[in-house]
Structures are given as C-alpha cells and as structure tokens.
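# Structural features, examined
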Amino acid sequence: PHLLGDGRLLGGVAELRAGIADRLTADGLATTREQVIITNGAMGALSAMLDATRGPVLVEDPTYHVALRLLASRSRRVVAWGRGPSWDVDALHGVLRREKPSVAYLIPDFHNPTGALAGNPERDGLAGLERRVPLIVIDETLRELDLRDGDRNLDRPAMPRHLAELLPDAVTIGGFSKIVWSGLRIGWVRAPQRAQRESLRRFTDVQPVPVFEQLIATELLPHLDEIIATRTGRLRVQRDALLAGLRGHGLQVVTPPGGLVAWVDLGAPVADELVARLAPHGVLAAPGREFGSAHRHARFLRVPFTSDVGVLAQATERIARELEVVRRRKA
Ligand SMILES: Cc1ncc(COP(=O)(O)O)c(C=O)c1O
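Residues numbered from 1 in each chain as written. Predicted model: local features only at pLDDT ≥ 70, side-chain atom pairs only at ≥ 80, totals over all residues. Heavy atoms only, no water.

### A look at the overall build of the protein
The secondary structure content of the protein amounts to 13 helices and 11 strands. Over its C-alpha trace the protein gives a radius of gyration of 20 Å, about what one expects of a compact globule, namely 20 Å for 331 residues. Considered along the principal axes of its C-alpha atoms, the protein spans approximately 65 × 45 × 40 Å. Within the span of the protein, comprising 331 residues, buried residues form 53% of the whole. Across the protein, every contact between residues at least 6 apart in sequence was considered, and the portion connecting residues at least 24 apart equals 72%. For the protein, the accessible area works out to roughly 15000 Å², and carbon and sulfur atoms hold 54% of it. (Helix = DSSP H or I, 4+ residues; strand = E, 2+ residues; numbered from the N terminus. Rg over C-alpha atoms; globule rule 2.2 N^0.38 Å. Buried < 20%, exposed > 50% of the residue type's maximum accessible area, 1.4 Å probe, protein only. Contact = heavy atoms within 4.5 Å. Areas by Shrake-Rupley, 256 points an atom, 1.4 Å probe, with all protein chains shown as cover.)

### Overview of the sheet that holds strand S8 (residues 252–253)
Two strands in a sheet stick together by hydrogen bonds in their backbones, pointing the same way (parallel) or opposite ways (antiparallel). Pairing in this open sheet of 4 strands is antiparallel, and the strands run S8-S9-S11-S10 from one edge to the other. A single partner strand is all that each edge strand has here, and the edge strands are S8 and strand S10 (286–287). Bridge analysis of S8 against strand S9 (residues 261–265) gives 2 bridges, and the strand direction is antiparallel. Note that in S9 the partner of Gln 252 across the bridge is Asp 265. (Pairing = 2+ DSSP bridges.)

### Regarding the domain arrangement of the protein
Parsing the protein into structural domains produces domain 1 (14–222) and domain 2 (225–330). For domain 1 and domain 2, the distance between their C-alpha centres works out to 25 Å. Taken together, the contacts link 28 residues of domain 1 with 24 residues of domain 2. Counting the surface lost from both domain 1 and domain 2, the interface buries some 2200 Å², and carbon and sulfur atoms represent 56% of this. When residues of domain 1 are sorted by the area they lose upon contact with domain 2, His 65, Pro 113 and Leu 147 head the list and together hold 28% of the total. Remark: the boundary between domain 1 and domain 2 carries 3 salt bridges. A salt bridge links Asp 225 to Arg 23; its shortest N-O distance comes to 3.1 Å. Broken down by element, the side of domain 1 that touches domain 2 gets its largest block of residues, 3 residues, from helix H3 (residues 65–73). Class assignment for the residues of the side of domain 1 that touches domain 2 results in 12 nonpolar, 6 polar and 10 charged. (Domains from an automatic or database assignment. Buried area = accessible area lost by both parts, 1.4 Å probe. Salt bridge = Lys/Arg side-chain N within 4 Å of Asp/Glu carboxyl O. Nonpolar A, V, L, I, M, F, W, Y, C, P; charged D, E, K, R; others polar.)

### Some points on the packing of aromatic side chains
As enumerated under the stated definition, the model contains 3 aromatic pairs in all. Between Trp 81 and Trp 87 the ring centres are 5.4 Å apart and the planes differ by 35 degrees, which places this aromatic pair in the tilted class. Across the pair, exposure class does not vary: Trp 81 and Trp 87 are buried alike. A ring pair is formed by Trp 263 and Phe 300, whose centres lie 4.9 Å apart and whose planes are at 5 degrees; its orientation type is stacked. Taken as a pair, Trp 263 in strand S9 and Phe 300 in strand S11 (residues 300–304) lie far apart in primary sequence, 37 residues in all. (Phe/Tyr/Trp six-rings, centres within 6.5 Å; stacked < 30°, edge-to-face > 60°.)

### Some words on the site of the ligand
Lining the immediate surroundings of the ligand are Gly 41, Ala 42, Met 43, Tyr 64, Ile 107, Asn 112, Glu 140, Leu 142, Ser 177, Lys 178, Arg 185 and Leu 260. Here an oxygen atom of the ligand and a side-chain polar atom of Ser 177 are 2.7 Å apart. A distance of 2.7 Å separates an oxygen atom of the ligand from a polar atom in the side chain of Arg 185. A total of 400 Å² of accessible area belongs to the ligand in isolation, and the protein chains cover 90% of it. The element best represented in the shell around the ligand is helix H2 (residues 41–51), accounting for 3 residues. When grouped by side-chain class, the residues that make up the shell around the ligand number 6 nonpolar, 3 polar and 3 charged. (Near = heavy atom within 4 Å. Polar contact = N/O pair within 3.5 Å; in protein donor to acceptor, adjacent residues only side chain to side chain.)

### Concerning the nonpolar core
Within the largest apolar cluster, 94 residues are counted, with the highest numbers of intra-cluster contacts made by Tyr 105, Phe 176 and Leu 301. Counting residues domain by domain, this core receives three or more from each of domain 1 (14–222) and domain 2 (225–330). (Core = buried A, V, L, I, M, F, W, Y, C linked by side-chain atoms within 4.5 Å.)

### Examining the packing of helix H11 (residues 271–278) against helix H13 (residues 309–330)
At a minimum axis distance of 9 Å, the contact between H11 and H13 shows a crossing angle of 130 degrees. Overall, the two elements H11 and H13 adopt an arrangement that is oblique. The handedness of the crossing between H11 and H13 is right-handed. Residue-level contacts link Glu 273, Leu 274, Arg 277 and Leu 278 of H11 to Arg 318, Ile 319, Glu 322, Leu 323, Val 325, Val 326, Arg 329 and Lys 330 of H13. (Axes fitted to C-alpha atoms, helices over the stretch in contact; angles between N-to-C directions. Parallel < 35°, antiparallel > 145°, perpendicular 65-115°, else oblique. Left-handed = near helix turned anticlockwise from the far one by under 90°.)

Set out below in structure tokens:
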C-alpha cells in the first residue's frame, strides 16, 4: 500500500513505528506508535534531537566518538561527565550546577566505548533530574546487545529499567544497525512530549528516511528476537576470544557486559602511535582520545569484536607486536 501513495510518510512507516512501540512496551517501557519516529540510523536520531534543542550538551567522558563529531559539527558546547566503570552521580550533580547543560546524551545500556551497564541504583540517582534542572535527557540504548552470562530468560540478570521509566520526559533512541547490519540505516526516537515530536517530524521531513529501508526493517520485526539471539551468541564467543588473546599478552581489559567493543588499557599513553602502526595492517582500532578528554584516554584503545575469531586472533597478535615496538621506542 505504501507504493500507491506519494511515499512521504511523516514520522515513518506506521507498522514499523507500531512494532518498535510494541517491543519497548513488552520490555517495560509503555510506548504508543505516535511516540515513535523513524530516523536515518541511531545517529540520525541524535542529529534530529540536537537540531531540535539548543545549549550545552552533557556527555559521559568517554562517550561514543561519532556523537562527539555530531556535536562538534554543530558547534555545541560539550560538558564532560567523567565515567569510570560506573556512573558517579555525585560528580554529575556538581557538573550540572557548574556548567548548566540543557541536554544530556547518555548511553546507560552497554555504553560505547566501555561496554558498561549502569545498574538500577545508579539510575535511581538520576530520578526526577530533568524536572529539577531542567534538562532534556537523551538515552541511547544498546540493550539488545546483552552479552552477560546465562541463558536469555533463565539465570541472566534482568536488564535495569529504561531511563524513561525514571525520567518520564527522557527521549530514548535506538536503531537496527547494531543488531542487524550497519548498512541498514534505520533508527528511531521515542519522544514522549508532543512538542518534541513536532520538531523531530519537521526534521525528518527535511531528511526523509527511505521507505524501502523502512519496509525491510518492518519485515524483520517478527524475526528480531531470533536475529538478536544469534548475533549475541556470536558476539559473546568473539568477545571472549579477543579478551583471552589480549590478556595472554599481558594487556588489561575489563570484560564488557555487552555491546560491540572492548576498551583496552595499554598501560601508557601510546594509543595514537599504536593506531597509526596498526592501520597499514588493516587493524582498525580507535585511539582513546577520540572518545573524549585526550589526557584521560590516551592510554586506551577501542577494539571491536565484530569480526570472526580467526580475524580477531590475527588482530590480537598484530596489536601485541606493534605495541612492543611502540613501547621500546618510548623507553
Ligand atoms: C552508541 C552507538 N550509537 C550508534 C551506533 C551506530 O549508529 P547508527 O544506527 O547510526 O549506525 C553505534 C554503533 O556501534 C553505537 O555504538
């Protein structure tokens, strides 16, 4: 039926919006079809949100480097909230008082680049925040990429609550590229406020999302659970192989409970030199500096575990070999 109309669908294909709303509702976040707007990938969702808002943007430090690029290209002031293995909510309140950001972009579910998962007690520390401050909270979720041990519904702990369950005005964003294929440019925004939805719709009218891609995503909806189970099963094996290889060479890395990447501590601020030496060998790791404060992250390397185990073994050997060269030069 979509092919009979003019193909301009404000907000996106209705069945896709409904399917995403149903999945969020089944996951504990009651959502209506009207609250969901389809975008060009998750980063299209973030772009739309940035264009719909003004003022400084609080981010976790480190945070997803593509998001930082989107902020830089819009000349938005970035307010850094230092992140360790967990959120420091006391530090957050200090940052909010001092810097007064108007927007916060957070990745509580399998944060990129650390893979960390904020627990319920940490999330509780944010409850009521956006109404007290005021602050527009954007929660980017990677919750499908749960790589914690245990069988899906049996001994694996439940996922913590969505931020929008605690912060009713929070906007949630997600996408298909991380769970299905990076080439499938379908993302979504769940915007609970009508005014926000109006400005987001204006944005998607300027940059419409291809209807064919939306129809592919719609066709995939009934199979998503199976796709996610297969993908996470494979990612778990690949993650464990990568970590075993890196640790075998004496490198320190915290096991990421989910996501697509490992955040590797090189023990010294040599990530830039190492990345430059790895690139000619086709090993595409990213230096910590790209993910936030250069001085805090220069000793970290972000390594994806999206390749198969054989490729990861070769990459690990190459990382260890080139790191040895870089260290010897610095000594
Ligand atoms: C935090 C985060 N956001 C977004 C993306 C990808 O976004 P898109 O849907 O635009 O491809 C990734 C991919 O790894 C990611 O880790």
